[in-house]
Amino acid sequence: MGYIAVKGGTDAIHNARELVEFYRLKKAVKPIEIEQIRSQLRLSIDKVMGEGGIYATEYAALAIKQMEGDVFEAAFVLRAFRATLQRKFYSETINTREMFVKRKISASFREIPGGQILGPTRDYIQRMLDTAKAIETKEDVETFLAGFAAHIDPAKLADIAHFDKVIDLLKKEGLLQPVGNDEDTTLKDITREAIKFPAPRSARLQMLARAETGGLMALGYSSMRGFGSVHPTVGELRYGAVPVRVKDRLGRVRYIGSIEVTEAEMISEYKAKSKKAIPYYSIGYGLCFGQNDTKAICMGILDRAMRSPEGNSPSNDQEFVLYHTEGIESMGFTNHLKLPHYVTFQSGLNNVRAAIERNAAAVPPSTINPSVIIPSLQPV
Amino acid sequence: MTDKDYILCECELSPLEQFIASLEKDFEIKMAGGPAVCLTMIKAEDSVEGQPFYLGEALTTECEVLVNGIPGLGLCMGDEPVRSYCIAFLDALEQLDGPHTGRVDAFLQDQARLISEARTLEYNHILRTRVDFKLMEQE
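Residues numbered from 1 in each chain as written. Chains lettered and ligands numbered in written order. Predicted model: local features only at pLDDT ≥ 70, side-chain atom pairs only at ≥ 80, totals over all residues.

## Considering the overall build of chain B
Here is step 1 of the chain: Secondary structure summary: chain B contains four helices and three strands in total.
Here is step 2 of the chain: Reading chain B from its N end, one meets helices and strands in the order α-α-β-β-β-α-α.
Here is step 3 of the chain: For a compact globule of 139 residues, the expected C-alpha radius of gyration is about 14 Å, and chain B comes in at 20 Å, more than 25% above that figure.
Here is step 4 of the chain: The dimensions of chain B, computed from C-alpha atoms along their principal axes, are 75 × 35 × 20 Å.
Here is step 5 of the chain: Relative to its full complement of 139 residues, chain B shows a buried share of 42%.
Here is step 6 of the chain: Restricting the contact set of chain B to residue pairs at least 6 apart, pairs at least 24 apart contribute 49%. (Helix = DSSP H or I, 4+ residues; strand = E, 2+ residues; numbered from the N terminus. Rg over C-alpha atoms; globule rule 2.2 N^0.38 Å. Buried ≥ 20, exposed ≤ 12 C-beta atoms within 10 Å, placed from the backbone. Contact = placed C-beta atoms within 7 Å.)

## Some points on the pairing of strand 3 (residues 70–77) of chain B
All names here are of chain B.
Here is step 1 of the chain: In terms of residue burial, strand 3 counts as a mostly covered element, since six of its eight residues are buried.
Here is step 2 of the chain: Pairing analysis gives eight bridges linking strand 2 (residues 52–67) to strand 3, with the strands arranged antiparallel. Along strand 3, the bridge assignment pairs Leu66 with Pro71.
Here is step 3 of the chain: In this antiparallel pair of consecutive strands, strand 2 and strand 3, the connection spans two residues, and Asn68 shows a positive phi of 50 degrees. (Pairing = 2+ DSSP bridges.)

## What to know about the interface of chain A and chain B
Where the parts come together, the accessible area they lose is often given as the size of the interface.
Here is step 1 of the chain: The interface is formed by 59 residues belonging to chain A together with 47 residues belonging to chain B.
Here is step 2 of the chain: Residue assignment for the side of chain A that touches chain B shows that the elements contributing at least two residues are strand 1 (54–55), helix 4 (57–66), strand 2 (87–90), strand 3 (100–105), helix 8 (201–209), strand 4 (233–247), strand 5 (253–269) and strand 6 (281–289) of chain A.
Here is step 3 of the chain: Looking at which element gives the most residues to the side of chain A that touches chain B, the answer is strand 5 of chain A, with six residues.
Here is step 4 of the chain: Along the lines of polarity and charge, the residues of the side of chain A that touches chain B split into 31 nonpolar, 13 polar and 15 charged. (Nonpolar A, V, L, I, M, F, W, Y, C, P; charged D, E, K, R; others polar.)

## Some points on helix 13 (residues 342–362) of chain A
Here is step 1 of the chain: End to end, helix 13 of chain A covers 30 Å across 21 residues, agreeing with the expected 30 Å (1.5 Å per residue, within 8%).
Here is step 2 of the chain: Burial within helix 13 of chain A is sparse, with just zero of its 21 residues counted as buried. (Expected span 1.5 Å × (residues − 1).)

## Comments concerning the domain arrangement of chain A
Here is step 1 of the chain: Split by domain assignment, chain A resolves into domain 1 (12–82), domain 2 (96–122 + 161–333) and domain 3 (342–377).
Here is step 2 of the chain: Distance from the C-alpha centre of domain 2 of chain A to the C-alpha centre of domain 3 of chain A: 54 Å. (Domains from an automatic or database assignment.)

Following this line, the structure appears as structure tokens:
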């Protein structure tokens, strides 16, 4: 069979691009401002930055606007933007103990250093549609902010504190131990070096940090439901801002700003194979850009699951987890199915037609049921 | 006093820009590079085993200026050309003696106070969400 190269569609593509812009704008309402997206779609921005692999709130907001709120596409745009920029600095290791804590909870201990601070969360409210939001005005916003500010007496302000971690309590008692399996601990960068399996833990954590939240949740959930062995407890979940410092070209360590991160320390009981082995707890670690509890928790579950010696469930399989939670590659591959596959499909079609013809020729005419021959597949 | 870079990265842009504009006329300034955006790879580590890994990159702006021939480097996160220039300018200025020194220190102290006040206020709002556990028999 020969291939025939065809071309065309340039005008249609151009017009489709213009049409999608028309659909975005056709109601001729006031364009959404980037600053509105930055301040009011905070959690979408956090997802897009995390999956795009770049912390840039202003560009994440722009990507969300451009892609009409599709966070997959927005993350794709952001990751492509990232590829156009030169990496000039590596930060000093960020220290989550320096975090300006905005949320800090534990499901393992009631009393934790500094107490349980719920922070900005909708965890404990009913998911009822708030119809008042439909008619929210600037005056409503100002009234809320004034009322909110009035809750604090400026004369009685507590000083900012940093808190010890819950895991410190377990560490002090010797209850928390490293997982203990011999694995590669070298620091790899999956943006510079293609991942190979088994992957070092650094590569796994990096891939999980920029994985898609829904994908991580699906596999983390599968592990908890029994298709895996990890059903941990939240040792501590923290969200807040951590300082970022780099060395400038003169060797000086410089503060350049802060990033918001969510950190999850997920505690699992270590299941030793030997009955005589002393039991202990080990940790699964989750850390991601922005406020994203689900992502950090599931990252922690999967970090721990992939270190399990049992490789017989999806969540324990490194390649399965890391390739299928990579949102941009998954979306790209899925969407490539929409591109022309004319030659491939025609080839398959020819084979099916030939098989039907061969079958028809081999069977005596009196036994052929005409209804099984699909008219559209008959040779033209 | 709080780290100068911290203050300059965290303060409001408008007063910083105005302050630098009030100083510029007394110096010969040449742009030596940028402002331009680039990336910083953020290094993190797991909190129990200390396993280092890369979390992702952060958009960063860098700028290099010469103030009376003295180089200054400005770095900050985000797409912030004006702020990075201001940081670079003050970085160079730090190495030059003169009557401006007192003004710069006063500006930094003032901004440090404003940042601290805003953060303390936010922190106290956050503290309102701290759980006050009571035993079931307590009211």
